[in-house]
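A look at the structure
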Amino acid sequence: MKLPGSNRELKEVFRNAKTPAVTELNGEYLVDMLTVFPSLKKFSHRKVIYRENERVSGYNILFNKIWGRFIVEEDICKNVDSGKVAVINYNRPENSLLIRGIRDHLRFIEKDLLYIGRFNYLFLGRLQFLGYFSLEKIK
């Protein structure tokens, strides 16, 4: 599915997307930055998500290097519609201080196949929206 390129259109897609159950996220997903940042899709930027000790965890792979470990939890998206989202939370001790502020909000367009996310950064106690991305399940 081809996603639109403007923040306004992507906000509407995000608003209409559905909230995934945290436990349904599992496997490898290809990441495509849709706005603001250049896409690293051609470099096979991926998120690997798995269950670990009764919670959902994961990490990123870029240039065959693991970076940015995270946990996945449920929260609400106050900046769009106060609806539920899966949050990819990078606040883990093994990440650098710079990485720990990332909070991705995630909803699905096609269950188990295509997700849309809002890339946010926690700065001075407030989430700052930085752009949209998609996750596509790798089969």
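So, here is what we can say about the structure in this document. This one's a predicted model, so the numbers in the text were calculated from it and none came from an experiment.

**Quick word on the overall build of the chain**
- Looking only at helices and strands, the chain has 2 helices and 8 strands in total.
- Each helix (α) and strand (β) of the chain, taken in turn from the N terminus, gives the series α-β-β-β-β-β-α-β-β-β.
- A compact globule built from 139 residues would reach a C-alpha radius of gyration of about 14 Å, and the chain, at 14 Å, matches this within 12%.
- Its C-alpha atoms put the chain at 35 × 35 × 30 Å along the principal axes.
- Counting the 139 residues in the chain, one finds 45% classified as buried.
- A separation of at least 24 residues holds for 41% of the contacts in the chain among residues at least 6 apart in sequence.
- Working note: accessible area of the chain is about 7800 Å², and carbon and sulfur atoms make up 53% of it.
- Between the mean site of the 24 positive side-chain charges and the mean site of the 16 negative ones, the chain shows a separation of 4 Å.

**Details of the side chain of Ser-134**
- The topology assignment puts Ser-134 in strand S8 (residues 126-137).
- The class of Ser-134 is buried, set by a relative accessible area of 7%.

**What about the packing of aromatic side chains?**
- The final tally for this structure, using the stated rule, is 7 aromatic pairs.
- Among the aromatic residues, those joined into a cluster by ring pairs are Phe-14, Phe-129 and Tyr-132.
- Over the aromatic face of Phe-133 sits the side chain of Lys-47, whose NZ or CZ is 5.9 Å from the ring centroid.
- Over the face of the ring belonging to Phe-14 we find Arg-118, whose NZ or CZ atom lies 5.9 Å from the ring centre.

**What about the pairing of strand S3 (residues 55-62)?**
- With 7 of 8 residues buried, S3 lies mostly within the body of the structure.
- Of the strand pairs in this sheet, strand S2 (residues 46-52) and S3 are connected by 7 bridges, and their pairing is antiparallel. Each residue of the ladder has a partner; that of Ile-49, found in S3, is Gly-58.
- Linking S2 back to S3 in an antiparallel pair, the connection comprises 2 residues, with Asn-53 at a positive phi of about 50°.
- Across 6 bridges, the pairing between S3 and strand S4 (residues 65-77) is antiparallel. Along S4, the bridge assignment pairs Leu-62 with Lys-65.
- The loop that links S3 with its antiparallel partner S4 comprises 2 residues; one of these, Phe-63, has a positive phi angle of about 55°.

About the cut-offs
Numbers given to residues run from 1 along each chain, matching the order in which its sequence is written. pLDDT decides what is reported in this predicted model: residues at 70 or higher carry local features, side-chain atom pairs at 80 or more are listed and counted, and totals for whole chains, interfaces and linings draw on all residues regardless. Just so you know, side-chain values use all the structure's heavy atoms and leave hydrogens and water out. The secondary structure listing takes helices from DSSP runs of H or I that are at least 4 residues long and strands from runs of E that are at least 2 residues long, numbered from the N terminus. For the radius of gyration, the atom set is restricted to C-alpha positions; the globular benchmark scales as 2.2 Å times the number of residues to the power 0.38. Relative accessibility under 20% of the residue-type maximum defines a buried residue, over 50% an exposed one, and the middle range a partly exposed one, all with a 1.4 Å probe and only protein chains included. Two residues qualify as a contact provided that any one of their heavy atoms is within 4.5 Å of a heavy atom in the partner residue. Values of accessible area rely on a 1.4 Å probe in the Shrake-Rupley scheme; residue burial ignores everything except the protein chains shown. Neither His nor the chain ends is counted toward charge; the positive residues are Lys and Arg and the negative residues Asp and Glu. By convention, the charge on Lys lies at NZ, on Arg at CZ, on Asp at CG and on Glu at CD. Each aromatic pair joins two rings of Phe, Tyr and Trp (for Trp, the six-membered one) with centres within 6.5 Å, and gets the label stacked for planes under 30 degrees apart, edge-to-face for over 60, and tilted for any other angle. Look at NZ for Lys and CZ for Arg. If either is within 6 Å of the ring centre and within 35 degrees of the ring normal, a charge sits over the ring. A pair of strands is considered paired only if DSSP assigns at least 2 bridges between the two.

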